[in-house]
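Here are the chains, one letter per residue:
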Amino acid sequence: MSLPHAILTALLEKPSSGLQLTRRFDRSIGYFWSATHQQIYRELGKLEEAGLIRALRPDPPARGGRKEYEVLPAGRTELVAWVGRSEDPKPARDPLLLRIRAAAVVGAAGLDAELRRHLELHRRQLAEYREIEARDFPPGRDSPADRLQHLVLRGGIELETFWTDWLAGALAELEQGPAPVER
């Protein structure tokens, strides 16, 4: 996935200013595709320059006012083409996994505290996703768009469930004794 496509998706859902987009990223899209405010504003400029979006004219025109953007037909065409494109999965790049691998070489001192901290963070994220699911996807809310959005959320729930289970198991492994240090 790429930031331009995330922005096109968000703007097709609702024309927005850069500030509104950054807030939406912080509240929803950012759960699975993060971007800084600077990256979003920079990308808006590139998308506008490429003719995929345009700034709406405020009514009445306001000096120094926020620009709201909408997706142009070329932007929709690009997003449709991107949705249908093939893309290989990306390998996991998680510093915690690398830290555990390093612990096999230098010892696991302090690793259990970091695993507990991660476990708590994943438990909180899982609880937040389940709250969103209960609030936003009650029984009967099953339009095609709702089902696809719920599918993304369920993916997040499954990932957080995996991490909480895996971290609990990793902590149990550590409690069996210190990891040997290779020499």
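Relevant structure appears above.
Residues numbered from 1 in each chain as written. Predicted model: local features only at pLDDT ≥ 70, side-chain atom pairs only at ≥ 80, totals over all residues. Heavy atoms only, no water.

Engineer: Please give an account of the side chain of Asp146 that cites residues and values.
Structural biologist: You can see Asp146 is positioned in helix H7 (residues 144-175). Once you skip the residues sitting within four places of it in the chain, Asp146 turns out to touch Phe137 and Arg141. (Helix = DSSP H or I, 4+ residues; strand = E, 2+ residues; numbered from the N terminus. Contact = heavy atoms within 4.5 Å.)

Engineer: I'd love a proper account of helix H2 (residues 18-27), names of residues and values included.
Structural biologist: Among all positions of H2, only Gly18, Leu21, Thr22, Arg24 and Phe25 are buried. Taken end-on, H2 shows its buried residues confined to a sector of 160 degrees, consistent with a single buried face. H2 presents Asp26 and Arg27 as exposed residues on the side facing more than 90 degrees away from its buried surface. On the buried face of H2, the contacting elements are helix H1 (3-13), strand E1 (16-17), helix H3 (37-49) and strand E3 (68-71). (Buried < 20%, exposed > 50% of the residue type's maximum accessible area, 1.4 Å probe, protein only. Arc of directions from axis to C-beta.)

Engineer: Residues and numbers for the packing of aromatic side chains, please.
Structural biologist: The tally for this structure, following the rule as stated, stands at three aromatic pairs. Here Trp163 and Trp166 contribute two aromatic rings whose centre-to-centre distance is 5.6 Å and whose plane-to-plane angle is 85 degrees, an arrangement assigned as edge-to-face. In this pair, Trp163 and Trp166 both sit in helix H7, three residues apart, roughly one turn of the helix. Accessibility expressed as a relative area gives 16% for Trp163, which makes it buried. Assessed through its relative accessible area of 31%, Trp166 is described here as partly exposed. Through a chain of ring-to-ring contacts, the aromatic side chains of Phe162, Trp163 and Trp166 assemble into a single cluster. Seen from the ring of Phe137, Arg141 lies directly overhead, with NZ or CZ sitting 5.1 Å from the centre. (Phe/Tyr/Trp six-rings, centres within 6.5 Å; stacked < 30°, edge-to-face > 60°. Lys NZ or Arg CZ within 6 Å of the ring centre and 35° of its normal.)

Engineer: For the side chain of His150, give the residues involved together with the corresponding values.
Structural biologist: Following the sequence through the fold, His150 ends up in helix H7. Setting aside chain neighbours within four positions, we find His150 in contact with Glu133 and Phe137.

Engineer: Give a description of a nonpolar patch on the surface that names residues and reports values.
Structural biologist: Nonpolar side chains collect at one region of the surface, where Leu97, Phe162 and Trp166 lie side by side and expose about 260 Å² of accessible area between them. With respect to the helices and strands, Leu97 occurs in helix H5 (residues 95-106). (Patch = residues over 30% accessible without salt bridge, like charges linked within 9 Å, V, L, I, M, F, W, Y side chains within 5 Å. Areas by Shrake-Rupley, 256 points an atom, 1.4 Å probe, with all protein chains shown as cover. Salt bridge = Lys/Arg side-chain N within 4 Å of Asp/Glu carboxyl O.)

Engineer: I'd like a description of the packing of H5 against helix H6 (residues 111-136), backed by residues and values.
Structural biologist: Orientation of H5 relative to H6, taken along the N-to-C sense of each, is 160 degrees, at an axis distance of 11 Å. If you check the angle between H5 and H6, you find them roughly antiparallel. Where H5 crosses over H6, the two elements pack in a sense that is left-handed. Together, Leu96, Arg99, Ile100 and Ala103 of H5 and Leu111, Glu114, Leu115 and His118 of H6 make up the contact between the two elements. Partitioned by chemical class, the residues of the contact of H5 with H6 number five nonpolar, one polar and two charged. (Axes fitted to C-alpha atoms, helices over the stretch in contact; angles between N-to-C directions. Parallel < 35°, antiparallel > 145°, perpendicular 65-115°, else oblique. Left-handed = near helix turned anticlockwise from the far one by under 90°. Nonpolar A, V, L, I, M, F, W, Y, C, P; charged D, E, K, R; others polar.)

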